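# Structure at a glance
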Amino acid sequence: MKDKQARWLALYVLCLGDLMIVLDTNIVNVALPSIQADLGFSQTALAWVVNAYMLTFGGFLLLSGRLGDLFGNRRVFLGGVVSFTAASIACGLAPNPLFLVVGRAVQGLGGAAVSAVALALIMGLFTDPAERAKAMGFFGFVMSGGGAVGVLAGGVLTGLLNWHWIFLVNVPIGVAVWLAAGRVLPADEVHDGAQRLDVPGAALVTLSLMIAVYAVVGGNEAGWTSVQTLGLLAAAAVLMVAFVVREARVEHPLVPLRLFRLRNVAISQILGVLWAGAMFAWFFLSALYLQQVLGYGALEVGLAYLPACLVMAYCSLRVSDRLVMRIGIRVPLATGLGLVAVSLALFALAPVGGEYVVHVLPAMILLGLGAGIAFNPVLLAAMGDVEPHEAGLASGVVNTSFMMGGALGLAILVAVSSWWTAGQSDPTSLESLNGGFQVAFAVGAVFAAAAAAIGGAYLRPKPMVVPDAEAVDEVAVPVH
């Protein structure tokens, strides 16, 4: 894989595989009413079309990343693509609610395997700092823009065809990715300690994460102070403490705790939780605002996200890496997250009779700018200090922080929105519904602003190397 063209071809394959996974986090949101009407879901059960995916995805990221380090990232990636594609067929052809929910859970397992190792494979392919920054720009768009693309794709497919195609579209993509990955990804290195997997530790952390996700996604329905929610969160915390105690003592830990003593890694996890909390809520709540307040149909909602997708793609692919190579990580990261905060603040001002060009489009463009610029620095900061043989684990940790942050942030902001709406004199009015959305967007803006401040103040990148005049775009600097 020394050939530059081969490396970039491998990158495109990895990004396409991960895009397929990221899309499915949000692609179903716009199609949920159609799925409910067709399969006869109850309102309570309908949430599990989303929750089943998040539960297994979030729960198995750390384990998948470690399996990649021990048994080979390429092998885990290919296995994940197969599982995800097969589950997509089951979801697309689901005859009843139970079949669809189980299929979504299996999709989450495959998605965890793909996402946990894709970033590690990219870090291994691109060792030159300049090439790595450019490659991470591509991957950053997939990670940050995938949610917006998912809403767009969900709206278009549901509006023009039907909900079945939001799953069936994964099948040709998955087959193509599996065939191409088998040809272009580097062979796995053989590890002497390949069988030294900390099975008890894996069980503890996976069960802890799954219980935590279950508690969070069900918190709004059960009540945040209910015995169920508090009991589940307490159980997850006990299991996580037991996991940390075990990892501190076992000879071959699943997650070496020294990883979190790396400053940039630790700070990146905090940023991931805050940013994902804001972004997941934005995808979900903005789609609801467009549908329930402005009266958009599924296709219109999807097309409304097109400007954000285009701006995000341009900034991720053409702007972010250049900024990182010239001025380092902290300024682009803080600036990008600041723009995301401003975008959410603008959504917090969107009125009941809002017009797309005046009240939606500017916020969409700002979010595309901010997310497109900031995601590359976050990933570089999180992975830059990690040894190559632990890249899969670090990738799993990064993805876990985003997944857990997204689930928690979405649950919190939906709860805030519902609380505000329920407290109004007429909770059924559009004004009350929109007021709840506005408060939730404002809280999301605080999350993004806090991430910008923490990243700008506490990340510690190494000194930059001044670029040569003849190699402006190829300058190699150590970015951490």
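Use the structure listed above.
Going along each chain's sequence as written, the residues are numbered from 1 onward. Confidence filtering applies because this is a predicted model: local features only for residues at pLDDT of at least 70, side-chain atom pairs given and counted only at 80 or more, and all residues used for totals across whole chains, interfaces and linings. Based on all heavy atoms of the structure, the side-chain values leave hydrogens and waters out of the count.

### So, the overall build of the chain
In DSSP terms, a helix is any run of H or I states spanning at least four residues, a strand is any run of E spanning at least two, and both are numbered starting from the N terminus. Within the chain, the regular secondary structure consists of 20 helices and zero strands. For 480 residues, the compact-globule estimate of 2.2 N^0.38 gives 23 Å, and the chain sits close to it at 21 Å. Each residue is placed in one exposure class: buried if its accessible area under a 1.4 Å probe, protein chains only, is under 20% of its type's maximum, exposed if it is over 50%, and partly exposed if it falls in between. Out of the 480 residues in the chain, the part that is buried amounts to 56%. Within the chain, contacts between residues at least 6 apart in sequence are counted, and of these 83% link residues at least 24 apart. Accessible areas in this description were obtained via Shrake-Rupley with a 1.4 Å probe; residue shielding takes into account the shown protein chains only. As displayed, the chain has an accessible area near 18500 Å², and 68% of this comes from carbon and sulfur atoms. In the chain, 22 positive and 26 negative side-chain charges are present, and the distance between their average locations comes to 8 Å. Every radius of gyration here is taken over C-alpha atoms, with the globule rule written as 2.2 Å times N^0.38, N being the number of residues. Any two residues whose heavy atoms approach within 4.5 Å at even a single point are treated as in contact. The charge count treats Lys and Arg as positive and Asp and Glu as negative. His and the chain ends do not count. Where a charge lies is defined by one atom per residue type: Lys uses NZ, Arg uses CZ, Asp uses CG and Glu uses CD.

### Regarding helix α16 (residues 306-327)
Residues spaced three or four apart along an α-helix point in a common direction, a consequence of the helix completing one turn every 3.6 residues. Under the convention used throughout, the expected extent of a helix is 1.5 Å for every residue step, that is, one less than its residue count. Under the 1.5 Å per step criterion, the end-to-end length of α16 is 30 Å for 22 residues, consistent within 8% with the ideal 32 Å. The principal kink in α16, of about 45 degrees, is found at Val319. By the burial criterion, the buried members of α16 are Ala308, Cys309, Met312, Ala313, Cys315, Ser316, Ser320, Asp321, Val324 and Met325. Two residues or fewer after α16 comes Gly328, characterised by a positive phi angle close to 90 degrees. Fitting axes to the seven residues ending at a residue and to the seven starting there, one defines the bend at that residue as the angle between these axes.

### A closer look at the pattern of salt bridges
Definition used for salt bridges: Asp or Glu carboxyl oxygen within 4 Å of a side-chain nitrogen of Lys or Arg. Scanning the model with the defined rule gives three salt bridges in all. Measuring nitrogen to oxygen at the nearest pair gives 2.7 Å for the salt bridge that ties Arg7 to Glu131. In this pair, Arg7 sits in helix α1 (residues 4-26) while Glu131 sits in helix α8 (residues 129-160), placing the two residues 124 residues apart along the sequence. Side by side, Arg7 and Glu131 carry an identical accessibility label, which is buried. The shortest N-O distance in the salt bridge between Asp321 and Lys134 comes to 3.0 Å. A residue pair is termed long-range when its members are at least 10 positions apart, and Asp321 in helix α16 and Lys134 in helix α8 qualify at 187 residues.

### Notes on the packing of aromatic side chains
Stacked, edge-to-face and tilted labels apply to pairs of Phe, Tyr and Trp rings (six-membered ring for Trp) whose centres lie within 6.5 Å, assigned for plane angles under 30 degrees, over 60, and everything in between, in that order. A full pass over the atoms with the stated rule returns 11 aromatic pairs. Ring centres of Trp8 and Phe126 lie 5.0 Å apart, and the angle between their planes is 65 degrees; this geometry places the pair in the edge-to-face category. Of this pair, Trp8 sits in helix α1 while Phe126 sits in the loop between α7 (97-125) and α8, and the two are 118 residues apart along the sequence. For the residue pair Trp8 and Phe126, the accessibility class agrees, reading buried in each case. With a centroid separation of 6.2 Å and 70 degrees between ring planes, the pair formed by Trp282 and Phe347 is classed as edge-to-face. In this pair, Trp282 is assigned in helix α14 (residues 263-293) and Phe347 in helix α17 (residues 330-347), connecting sequence segments 65 residues apart. The exposure class assigned to Trp282 is buried, which follows from its relative accessible area of 0%. Taking the relative accessible area as the measure of exposure, Phe347 reaches 1% and is therefore buried. Ring pairing ties together the aromatic residues Trp8, Tyr12, Phe126 and Phe138, which thus form one cluster.

### Some details on α7
Relative to the 42 Å expected for 29 residues at 1.5 Å per residue, α7 spans 42 Å between its end C-alpha atoms, a close match to the ideal helical length. At the N-terminal end of α7, a side-chain oxygen is found 3.3 Å from the backbone nitrogen of Leu98, two or three residues along, and the residue is Asn96. For this analysis, a polar contact is any N or O atom pair within 3.5 Å, provided that within protein one partner can donate a hydrogen and the other can accept it, and provided that sequence-adjacent residues contribute only side-chain to side-chain pairs.

### Some points on the nonpolar core
One finds Ile35, Phe77, Leu100, Trp275, Trp282 and Leu290 to be the most contacted residues of the largest nonpolar core, which totals 157 residues. Sorting elements by how many residues they give to this core places α14 first, with 18 residues. For Ile35, the residues in contact, after removing those within four places along its chain, are Gly40, Phe41, Val49, Leu100, Trp163 and Ile166. Working definition of a nonpolar core: buried Ala, Val, Leu, Ile, Met, Phe, Trp, Tyr and Cys residues. They are joined through side-chain atoms within 4.5 Å.

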